[in-house]
Amino acid sequence: MTELRDDRISAEGVHKAFGENEVLKGVSFSVAAGSATTVIGPSGSGKTTLLRALNALDVPDAGVVRVGDVELDFSKPVPQDQLRRYRAQSGFVFQSHNLFPHKTVIENVTEGPLVVQKRPKDEVQAEAVELLRQVGLAEKRDQYPFQLSGGQQQRVGIARALALKPKVVLFDEPTSALDPELVGEVLSVIRDLAIEGWTLVIVTHEIQFAKQVSDQVLFTDQGVILEKGPPAEVIGDPKEERTRQFLDRILNPL
Amino acid sequence: MLAALVLTACSSSGNNGENPVKAAGVLRVGTEGVYSPFSYHDPATGDLVGYDVDVARAVAEKLGLKVEFVETPWDAIFAALESDRFDVVANEVTINDERKQKYDLSEPYSVGEGVIVTRADDSSVKSLDDILGKVAGETATSNWAQVARDHGARVEAVEGFTQAIKLLNQGRVDVVINDSIAVYAYLAETGDNSVKIAGTTGEKSEQGFAARKNSGLLPDLNKALDELRSDGTLATISKKYLKADASGGPEAQSTWQLVLHSLGPLAKAAITMTIPLTIISFVIGLVIALAVALARLSPNVILSNIARFYISIIRGTPLLVQLFIVFYALPELGVKIDPFPAAIIAFSLNVGGYAAEIIRSAIQSIPKGQWEAAETIGLNYVGALRRIILPQATRVAVPPLSNTLISLVKDTSLASTILVTELLRQAQIIAAPKFEFFALYGTAAVYYWVICLVLSFGQSRIERRLERYVAR
């Protein structure tokens with residue numbers, strides 16, 4: 001991977017409030033190309049809002065975000081078409097998958113490339129089949145989402161995000177809505193992506209998974225990034241008391 | 001106020017000599033078409049006939065004009081005259097001072113005597129003095145209604161003479177006052193002996209043509225009537241239709257035969273009027289509804305308030321009033337629209353208002369995550385709406401929209417009030433000369449039901465198709 005800048009995605013002083021409630025209080029970090037970053041932290045700490053701000057699904061009140069060489073500065077209003085151009089740089093995987101229920105599995109995957117990117121149908125179709133094979137769902141291509149299990153639906157969601165060939169893929173708690181026995185199949189797909197060299201940002205509660213796949217871990221608390229670094233440091237040997245408490249509660253729930 | 005405006009407008013245009021009827025070469029005649037024996041459809045041929053109709057034809061012929069009949073319910077007939085739907089009314093318009101002030105009335109071409117009709121077993125009424133406090137069935141704007149009111153009766157408004165008699169039969173009104181000829185014709189036609197002529201009003205009434213004030217038509221009309229009277233034509237027509245004695249009505253036809261004969265004309269009315277009216281109005285209405293729903297959902301306050309206002313106007317006013325405004329009121333502002341397009345406009349706007357709320361709630365029922373997912377794959381607003389949201393909203397909206405469509409089928413019967421000869425009006429026309437309302441309305445009801453049955457069938461097919469991606 002040859003890139004002029006080695007950070008693929010970055011945030012600078014991002015603020016976001018919902019009414020009186022200030023959820024992000026100036027968040028800054030960057031992610032190197034081809035690396036995986038996980039975001040952990042207590043619920044309500046702003047992890048999901050941070051991820052949605054990175055994709056401009058929730059437009060920040062202030063700060064700068066950048067993916068590749070497309071940058072948005074929220075100190076002034078950003079026009080819709082610029083938002084769209086920015087969003088096109090990243091793929092997004094939702095906690096509740098948000099597949100299009102009226103489209104078949106393969107139609108969900110090809111919708112973006114065909115309709116938005118207007119790429120040739122044969123090519124898109126072939127790539128979609130390959131993506132579905134990659135997430136282990138080649139034989140489900142003509143089924144509707146309701147015919148799939150939660151884990152399968154989430155894997156289609158991942159294929160849909162990848163089909164647009166984004167520079168980075170954002171995951172918002174991709175396994176939180178799943179039955180425990182379905183979590184593994186989704187995590188292993190994400191791990192494979194990390195190994196293949198995709199740039200990933202993953203909000204998750206799966207600490208073991210974070211430890212395994214991440215190059216960088218961010219611990220968020222009360223709207224700020226309290227601690228960041230390699231998993232061996234943030235998870236293995238946290239410096240902050242809050243981080244320790246959080247990890248302790250998750251790893252030893254009783 | 002409006003009426004005054006119209007009158008002054010007419011008087012300014014009416015006096016300058018050239019009369020527009022002559023220029024057009026056509027005399028447009030408004031008549032009821034359901035008032036036997038003056039204006040009705042011959043049960044055998046379906047043609048519009050009757051004393052007034054034939055007199056109007058003869059007058060037009062004398063004047064060297066073509067004649068064109070426009071069939072209108074009595075209570076809308078003067079509104080239609082004033083909004084220039086036709087040039088004269090030929091429908092036993094009784095000449096009185098009040099009408100003379102508002103309209104040009106010709107010399108009389110028929111002279112009648114008012115009679116009071118009661119049920120056969122009712123001996124309480126002998127003259128007008130006895131109707132005090134009774135209920136009379138009359139068309140609201142007729143001179144007979146005025147006579148009844150003047151003598152202390154309460155007037156129950158009906159659509160025409162034939163229905164008044166039906167109400168009398170059923171005991172819903174006590175008396176019906178009308179022209180003796182109409183009553184004798186009824187008795188002759190039906191052999192009904194449950195009602196009787198209880199007395200006369202004691203006054204002769206004279207009937208003539210009515211035209212708009214200062215129409216410039218009167219000299220011609222009167223001259224033609226004079227000629228027809230002196231050459232015996234009026235007497236001939238009169239003999240043909242007006243049998244003052246109760247003998248020798250037209251060949252009796254059984255109810256069953258009448259219904260059988262009505263099947264074709266009713267089907268034709270359904271296929272050429274009711275169904276096209278429904279389909280065209282529904283399609284245009286849906287387009288309006290989608291635009292209004294989106295405007296209502298728009299963050300733009302002005303846009304959403306306009307949409308709100310439109311919906312509230314449409315839902316807050318009777319459809320019948322909307323029809324009347326489009327058809328009778330707009331011409332007073334200089335916008336004259338033919339019956340069928342006027343009906344399309346009114347029904348489309350109505351469907352637009354109701355369906356807008358259905359479509360809005362259907363769009364809102366789609367989870368926000370669908371919009372977000374569409375955003376993340378790069379679709380813009382229109383793309384997201386068209387490819388992701390509306391296809392799903394359709395599934396939600398189909399059952400309530402089907403309701404709207406099925407209501408619309410039946411609502412189109414209201415178009416009869418603005419001169420569209422649709423299914424119900426056709427049934428009225430066939431029923432009137434024979435007084436067979438129950439049979440004909442029943443037949444029309446079956447037609448409506450069949451249309452709705454087909455639509456319901458279509459609805460369940462569409463629903464099944466749209467359910468294919470939903471877990472059951």
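Residues numbered from 1 in each chain as written. Chains lettered and ligands numbered in written order. Predicted model: local features only at pLDDT ≥ 70, side-chain atom pairs only at ≥ 80, totals over all residues. Heavy atoms only, no water.

Attention now goes to the overall build of chain A. The secondary structure content of chain A amounts to 9 helices and 10 strands. Relative to the compact-globule value of 18 Å for 254 residues, chain A shows a C-alpha radius of gyration of 18 Å, a close match. Considering only C-alpha atoms, chain A reaches an extent of 55 × 45 × 40 Å along its principal axes. Within chain A, buried positions represent 55% of all 254 residues. Relative to all contacts within chain A whose residues are 6 or more apart in sequence, the contacts with residues 24 or more apart total 63%. A total accessible area of about 11,100 Å² is found for chain A, and carbon and sulfur atoms account for 48% of it. Counting 29 positive and 36 negative side-chain charges, chain A places the centres of these two groups 4 Å from one another. (Helix = DSSP H or I, 4+ residues; strand = E, 2+ residues; numbered from the N terminus. Rg over C-alpha atoms; globule rule 2.2 N^0.38 Å. Buried < 20%, exposed > 50% of the residue type's maximum accessible area, 1.4 Å probe, protein only. Contact = heavy atoms within 4.5 Å. Areas by Shrake-Rupley, 256 points an atom, 1.4 Å probe, with all protein chains shown as cover. Lys, Arg positive; Asp, Glu negative; His and termini not counted. Charge placed at Lys NZ, Arg CZ, Asp CG, Glu CD.)

Residues and elements named next belong to chain B. One pass over the structure, following the stated rule, counts 33 salt bridges over all chains. Between K62 and E227 there is a salt bridge whose closest N-O contact spans 4.0 Å. Placement of K62 in helix α3 (residues 51-62) and of E227 in helix α9 (residues 218-230) is noted, with a sequence separation of 165 residues between them. Accessibility expressed as a relative area gives 39% for K62, which makes it partly exposed. In this structure, D84 and R212 form a salt bridge, with 3.0 Å as the shortest nitrogen-oxygen distance. Here D84, found in the loop between α4 (74-82) and β6 (88-94), pairs with R212, found in strand β12 (residues 195-212); they are 128 residues apart in sequence, far enough to count as distant. Residue D84 is classed as partly exposed on the basis of its relative accessible area, which comes to 29%. Note on R212: relative accessible area 17%, which makes it buried. Here the salt bridges share partners, and the residues they tie into one network are R28, D84, D87, R212 and K336. (Salt bridge = Lys/Arg side-chain N within 4 Å of Asp/Glu carboxyl O.)

This part takes up the confidence of the model for chain B. All names here are of chain B. Of all residues in chain B, 94% attain a pLDDT of 70 or more, and the chain-wide mean is 87. Under a pLDDT of 50 for its full length, residues 1-17 has, in the predicted model, 10 contacts with residues more than four places off or in other chains. Low pLDDT, under 50, characterises residues 245-251; the stretch is placed with 4 contacts to residues that sit more than four places away or in other chains. Across the predicted assembly, pTM comes out at 0.79 and ipTM at 0.93. (pLDDT = per-residue confidence, 0-100.)

This part covers the environment of E227 of chain A. Residues and elements named next belong to chain A. For E227, the position within the fold is in strand β10 (residues 224-229). Taking the C-alpha atoms as reference points, E227 and D122, separated by 105 residues in sequence, lie 47 Å from one another. If we skip the residues at most four places from it in the chain, E227 touches V217, L218, F219, V234, P238, K239, E240 and T243. A distance of 2.7 Å separates the side chain of E227 from the backbone nitrogen of K239, its partner in a polar contact. At a separation of 2.8 Å, a polar atom in the side chain of E227 contacts the side chain of T243. (Polar contact = N/O pair within 3.5 Å; in protein donor to acceptor, adjacent residues only side chain to side chain.)

Attention now moves to the interface of chain B and chain A. Frequently, the measure chosen for interface size is the accessible area that the parts lose on association. Taken together, the contacts link 20 residues of chain B with 22 residues of chain A. Summed over both partners, the interface of chain B with chain A buries about 2,000 Å², with 61% contributed by carbon and sulfur atoms. When the area that chain B buries against chain A is broken down by residue, the three leading residues are T376, I377 and Y469 of chain B, summing to 32%. Viewed at the interface, chain A and chain B are joined by 7 residue pairs in polar contact (both at pLDDT 80 or more). Of all the secondary structure elements, the ones that give two or more residues to the side of chain B that touches chain A are α15 (368-376) and α16 (381-411) of chain B. Considering each element in turn, the side of chain B that touches chain A owes the most residues, 8 residues, to α15 of chain B. Classifying every residue of the side of chain B that touches chain A by side-chain character gives 9 nonpolar, 6 polar and 5 charged. (Buried area = accessible area lost by both parts, 1.4 Å probe. Nonpolar A, V, L, I, M, F, W, Y, C, P; charged D, E, K, R; others polar.)

All right, on to the side chain of T404 of chain B then. Residues and elements named next belong to chain B. Checked against the element boundaries, T404 lands in helix α16. Residue classification places T404 among the buried residues on the basis of a relative accessible area of 15%. Sequence-distant contacts of T404, that is, excluding residues within four places in its chain, are made with F282, V351 and I358.

Residue and element names in this part refer to chain A. Spatial strand order, β2-β1-β4-β5: 4 strands in an open sheet with antiparallel pairing. At either margin of the open sheet sits one strand with a lone partner, and together these are β2 (21-32) and β5 (70-73). In this sheet, neighbouring strand axes are inclined to one another by 15° on average, regardless of whether the strands run parallel or antiparallel. One ladder, built from 5 bridges, connects strand β1 (residues 7-18) with strand β4 (residues 62-67); its direction is antiparallel. Counterpart to S10 in the pairing with β4 is R66. (Pairing = 2+ DSSP bridges. Axes fitted to C-alpha atoms, helices over the stretch in contact; angles between N-to-C directions.)

The subject of this paragraph is the pairing of strand β6 (residues 90-93) of chain A. All names here are of chain A. By the alternation rule, side chains of β6 split into S90 and F92 and G91 and V93, which are all buried. Sheet topology note: the β6/strand β7 (residues 168-172) ladder contains 4 bridges and is parallel. For F92, the partnering residue across the bridge sits in β7 and is L170.

Neighbouring strands of a sheet are bound in pairs by backbone hydrogen bonds; such pairs are parallel or else antiparallel. All names here are of chain B. If you trace the 3 strands from one edge of the open sheet to the other, you get β2-β3-β4, paired in antiparallel fashion. Taken across any chain shown, the strands that pair with only one partner, and hence form the sheet edges, are β2 (34-35) and β4 (48-49). Of the pairings in the sheet, the one linking β2 to strand β3 (residues 39-41) comprises 2 bridges and is antiparallel in character. The partner of V34 across the bridge, within β3, is Y40.

Right, let's get into the pairing of strand β1 (residues 26-31) of chain B. Residue and element names in this part refer to chain B. Within β1, 5 of the 6 residues are buried, which leaves it mostly tucked inside the rest of the structure. Bridge count for β1 against strand β5 (residues 66-71) is 6 bridges, and the pairing is parallel. Across the sheet, residue R28 finds its bridge partner in β5, namely E68. Relative to β6, β1 runs parallel, the two being bridged by 2 bridges. For G30, the partnering residue across the bridge sits in β6 and is V89.

So, about the packing of helix α3 (residues 105-116) of chain A against helix α4 (residues 121-134) of chain A. Residue and element names in this part refer to chain A. One way to put it is that α3 packs onto α4 with a least axis distance of 9 Å and a crossing angle of 130°. Between α3 and α4, the angle falls in the class oblique. In this structure, α3 meets α4 at a crossing whose hand is right-handed. Each of V105, I106, V109, T110, P113 and L114 in α3 lies in contact with α4, whose residues at this interface are K121, V124, Q125, A128, V129, L131 and L132. Classifying every residue of the contact of α3 with α4 by side-chain character gives 10 nonpolar, 2 polar and 1 charged. (Parallel < 35°, antiparallel > 145°, perpendicular 65-115°, else oblique. Left-handed = near helix turned anticlockwise from the far one by under 90°.)

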